[in-house]
Amino acid sequence: MGLADVVSAGGLGVWPNPASDQLFVKVPNTNQSAWIHDATGRVCGTTRLVSGTNALSLAGLGAGAYVLRLEGGEVLRFVKE
């Protein structure tokens, strides 16, 4: 297994990790914007997350490490295979 699947005690999380074509993001209680950044800090995508589980397409992203930065300041790391 690579990086562990993560769902925090607060209910925020991403899986599977590493991911290939789709990433699931769980956001508790709030709708918020999110930005995907590559290892250089460049914004590779933006999305709007709703409360609950969201499915994000990773199409167009190359293999590597990424950061999902949420509007509330949380940062979730994931790897695209």
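Residues numbered from 1 in each chain as written. Predicted model: local features only at pLDDT ≥ 70, side-chain atom pairs only at ≥ 80, totals over all residues. Heavy atoms only, no water.

## Brief notes about the confidence of the model for the protein chain
Part 1 of the argument: Confidence in the prediction of the protein chain, expressed as mean pLDDT, is 89, and 88% of residues score 70 or more.
Part 2 of the argument: The least confident element of the protein chain, judged by mean pLDDT, is strand 1 (residues 6-7) at 54; the most confident is strand 4 (residues 32-37) at 97. (pLDDT = per-residue confidence, 0-100. Helix = DSSP H or I, 4+ residues; strand = E, 2+ residues; numbered from the N terminus.)

## Here we look at the nonpolar core
Part 1 of the argument: Among the nonpolar cores identified, the biggest contains 17 residues, and L23, V25, L49, L68, L70, L76 and F78 are the most heavily contacted of them.
Part 2 of the argument: Listing elements by their share of this core, those giving two or more residues are strand 3 (22-27), strand 4, strand 7 (64-70) and strand 8 (75-80).
Part 3 of the argument: Excluding anything up to four places from it in sequence, F78 contacts N17, L23, I36, L58, G64, A65, Y66, V67 and L68. (Core = buried A, V, L, I, M, F, W, Y, C linked by side-chain atoms within 4.5 Å. Buried < 20%, exposed > 50% of the residue type's maximum accessible area, 1.4 Å probe, protein only. Contact = heavy atoms within 4.5 Å.)

## Quick word on the packing of aromatic side chains
Part 1 of the argument: For the structure shown, the criterion picks out two aromatic pairs.
Part 2 of the argument: A ring pair is formed by Y66 and F78, whose centres lie 5.6 Å apart and whose planes are at 20°; its orientation type is stacked. Of this pair, Y66 sits in strand 7 while F78 sits in strand 8, and the two are twelve residues apart along the sequence. The pair formed by Y66 and F78 is uniform in burial state, with each residue classed as buried. (Phe/Tyr/Trp six-rings, centres within 6.5 Å; stacked < 30°, edge-to-face > 60°.)

## Side note on the environment of A39
Part 1 of the argument: Within the element layout of this structure, A39 appears in the loop between strand 4 and strand 5 (43-49).
Part 2 of the argument: The class for A39 is exposed, based on a relative accessible area of 72%.
Part 3 of the argument: The spatial distance from the C-alpha of A39 to the C-alpha of Y66 is 6.0 Å, given a sequence separation of 27 residues.

## Quick word on the sheet that holds strand 7
Part 1 of the argument: In space, the four strands of this open sheet follow the order 5-4-7-8, with antiparallel pairing throughout. Looking along the sheet, the strands with just one partner apiece sit at the ends: strand 5 and strand 8. Going from strand to strand, the sheet's axes swing by 25° on average, the running direction of each strand aside. (Pairing = 2+ DSSP bridges. Axes fitted to C-alpha atoms, helices over the stretch in contact; angles between N-to-C directions.)

## Regarding the environment of A65
Part 1 of the argument: For A65, the position within the fold is in strand 7.
Part 2 of the argument: For A65, a relative accessible area of 47% puts it in the partly exposed group.
Part 3 of the argument: For the pair A65 and V79, spaced 14 residues apart in sequence, the C-alpha separation works out to 4.5 Å.
Part 4 of the argument: Among residues more than four places away in sequence, those in contact with A65 are D38, A39, F78 and V79.

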